[in-house]
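Remarks on the overall topology
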Amino acid sequence: MAEKQTPQGGQRHSTVEDLCYEAREQLQRRNWQAAAASYQQLLALNPEDEEALAGLALALDGSGAYEQMLAVSEQALELQPHSALALACKARALQKLERLSEATIANDQALLLNHHLALAWLNRSGLQILQQRFPEALRSAERALELDPNDARAWANKGTALLNLNRLSEALEAFNQSLARDPDYLFVLQMKGELLRRLGRPQEVRELMHRALQLAPNDPLSLSLLAQALRALGEMEELFEVTSQLTHLTPGSLLAWEMHMRALRSLGRFEEAIEAIERVLELDPHNVRFWTIKADNLYRLGRYREAARVASYALQLAPDYRPAQRIHEKAVRLMYQHKERRLR
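Residues numbered from 1 in each chain as written. Predicted model: local features only at pLDDT ≥ 70, side-chain atom pairs only at ≥ 80, totals over all residues. Heavy atoms only, no water.

This part takes up the overall build of the protein. The helix and strand inventory of the protein stands at 19 helices and zero strands. At 29 Å, the protein has a C-alpha radius of gyration far larger than the 20 Å of a compact globule built from 344 residues. Counting only C-alpha atoms and orienting by the principal axes, one finds that the protein spans roughly 115 × 45 × 35 Å. Burial status across the protein gives 47% buried among its 344 residues. (Helix = DSSP H or I, 4+ residues; strand = E, 2+ residues; numbered from the N terminus. Rg over C-alpha atoms; globule rule 2.2 N^0.38 Å. Buried < 20%, exposed > 50% of the residue type's maximum accessible area, 1.4 Å probe, protein only.)

Moving on: the packing of helix α4 (residues 66-79) against helix α5 (residues 84-96). It is at 8 Å that the axes of α4 and α5 come closest, and there the two elements cross at 155 degrees. It follows from the interaxial angle that α4 and α5 lie roughly antiparallel. The chirality of how α4 crosses α5 is left-handed. Between α4 and α5, the residues in contact are Tyr-66, Met-69, Leu-70, Ser-73, Glu-74, Ala-76 and Leu-77 and Ala-86, Leu-87, Cys-89, Lys-90, Arg-92, Ala-93, Leu-94 and Lys-96, respectively. Here the residues of the contact of α4 with α5 are counted per class, giving ten nonpolar, one polar and four charged. (Axes fitted to C-alpha atoms, helices over the stretch in contact; angles between N-to-C directions. Parallel < 35°, antiparallel > 145°, perpendicular 65-115°, else oblique. Left-handed = near helix turned anticlockwise from the far one by under 90°. Contact = heavy atoms within 4.5 Å. Nonpolar A, V, L, I, M, F, W, Y, C, P; charged D, E, K, R; others polar.)

Note on placement: His-260 falls in helix α15 (residues 254-266). One polar contact links His-260 to Thr-243, side chain to side chain, over a distance of 2.9 Å. Excluding residues that lie within four positions of it along the chain, His-260 makes contacts with Phe-240, Thr-243, Ser-244, Thr-247 and Ala-276. (Polar contact = N/O pair within 3.5 Å; in protein donor to acceptor, adjacent residues only side chain to side chain.)

With that settled, the discussion passes to the packing of aromatic side chains. Per the stated rule, a full pass over the model turns up three aromatic pairs. Seen from their ring centres, Tyr-185 and Phe-187 are 6.4 Å apart, and the 45 degrees between their planes marks the pair as tilted. Judged by its relative accessible area of 18%, Tyr-185 is buried. Relative to Tyr-313, the ring of Trp-291 has its centre 4.7 Å away and its plane inclined at 65 degrees; by these criteria the two rings are edge-to-face. (Phe/Tyr/Trp six-rings, centres within 6.5 Å; stacked < 30°, edge-to-face > 60°.)

This part covers helix α3 (residues 50-63). For α3, with 14 residues, the first-to-last C-alpha span of 20 Å sits near the 20 Å given by 1.5 Å per residue. Every buried residue of α3 is accounted for by Ala-52, Leu-53, Ala-54, Gly-55, Leu-56, Ala-57, Ala-59, Leu-60 and Asp-61. A distance of 3.1 Å separates the backbone nitrogen of Glu-51 from a side-chain oxygen at the start of α3, and that oxygen is part of Asp-49. Downstream of α3 by one or two residues, Gly-64 has phi in the positive range, about 80 degrees. (Expected span 1.5 Å × (residues − 1).)

Right, let's talk about the environment of Ser-83 for a bit. The topology assignment puts Ser-83 in the loop between α4 and α5. For Ser-83 and Gln-109, which are 26 residues apart along the polypeptide, the C-alpha to C-alpha distance reads 9.6 Å. Discounting chain neighbours no more than four positions away, the residues touching Ser-83 are Leu-77 and Leu-113.

For any two helices packed against each other, one specifies the inter-axial angle together with the distance between the axes. Close contact between helix α11 (residues 186-198) and helix α13 (residues 220-233) brings their axes to 10 Å; oriented N to C, the two are set at 25 degrees. Taken together, α11 and α13 sit at an angle that is classed as roughly parallel. The way α11 lies across α13 gives a crossing that is left-handed. Between α11, through Leu-186, Gln-190, Gly-193, Glu-194 and Arg-197, and α13, the contact on the second element is made entirely by Leu-221, Ser-222, Leu-225 and Gln-228. Looking at the contact of α11 with α13 residue by residue, the classes come out as three nonpolar, four polar and two charged.

Our next topic: the side chain of Asp-296. Along the chain, the position of Asp-296 falls in helix α17 (residues 288-300). Sequence-distant contacts of Asp-296, that is, excluding residues within four places in its chain, are made with Arg-265 and Ile-327.

This part covers the UniProt feature "repeat: TPR" (unreviewed entry) in the protein. Those residues carrying the UniProt feature "repeat: TPR" (unreviewed entry) are residues 118-151, 152-185 and 254-287 in this numbering. This span, residues 118-151, is 79% helix and 0% strand, and a straight line between its end C-alpha atoms measures 9 Å. Secondary structure content for residues 254-287 is 79% helix and 0% strand, and the end C-alpha separation is 12 Å. (UniProt positions renumbered as here; feature names shortened; annotations may be inferred.)

Further remarks concern the environment of Leu-119. Secondary-structure assignment places Leu-119 in helix α7 (residues 118-130). Note: C-alpha distance between Leu-119 and Leu-70 (49 residues apart in sequence) is 15 Å. When residues no more than four places from it in sequence are discounted, the contact partners of Leu-119 are Leu-58, Leu-85, Ala-88, Cys-89, Arg-92 and Arg-153.

Further remarks concern the pattern of salt bridges. Summed over all chains, the structure comprises 26 salt bridges. In this structure, the salt-bridge partner of Arg-279 is Glu-282, at a minimum N-O distance of 3.5 Å. Linking Arg-279 with Glu-282, this pair stays in helix α16 (residues 270-283), spanning three residues, or about one helical turn. A relative accessible area of 57% places Glu-282 in the exposed class. Notably, a salt bridge pairs Arg-303 with Glu-306, separated by 2.8 Å at the nearest N-O pair. Its relative accessible area of 29% is what places Arg-303 among the partly exposed residues. A residue is classified by how much of its surface remains accessible, and Glu-306, at 26% relative accessible area, is partly exposed. One network of salt bridges, in which partners are shared, links Asp-61, Arg-92, Asp-151 and Arg-153. (Salt bridge = Lys/Arg side-chain N within 4 Å of Asp/Glu carboxyl O.)

In structure tokens, the structure reads:
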């Protein structure tokens, strides 16, 4: 009650403090939309609140609203041109919008103003990864982690750099550290899945991608990693379901159509496999292996003349390719046997 009796804006002062506390709490909890709403309320009360603008930019980063993040960062820089945090937020938004030259300039300015700003080191590591400068990216990510060891994104960048340096066990540990801080980090789930695929651990890839697909059910990369794991495990019924979805989402993907074709063949569905093989050959028309698979598919359907003709074409591409030679020999032999039977 005493709060209401304050004559000169005591209620408003308390409201601002409450909103500041609420906004920081929501940002800490990674409740991006709630944090953004609180910071927007603060800005409605004071459009020149630099802290609220920076907080809103960070909340927009978390929710992936990079165009808005860029606009808010530039608004903050109009108020304070030498704000290292605002420059780092601007750099991050530009990086995510694939404006890499501008992002590098803004981030370098941020680091000149504050060499101990974790976000700027995170940005630098991300930019270096995009430039395939992996040793430098690793050092920048490690510097970011020295300044903020709980940033899941910096652990992700460290893992990505290590993965590309073929330091797989260290990369796996970095990805685990990232997921310990953000279990729903889709990018890290996928990168860990790729790492486990390389290590030949398909069952773990399968479990991880099922989790990733709960977050993003139509994500092509997660579906592709799951398909590769299912193929390695020999789970052809599930592979067929996954590749049916994947070929619909990515009709220009050779890998998707090849796995779909192999699933159909493994299930003995050779008639349906014909269309899949044709799509594969449209995408890779000079691959002797795929022409040989087409010949084999026709052979299994009893279409020996067509099989012989396709195998002959495969041998034009690679005369010494033994699988094509075998299909051609078998198809020609059975073609003539059937012809002799008809003549009797």
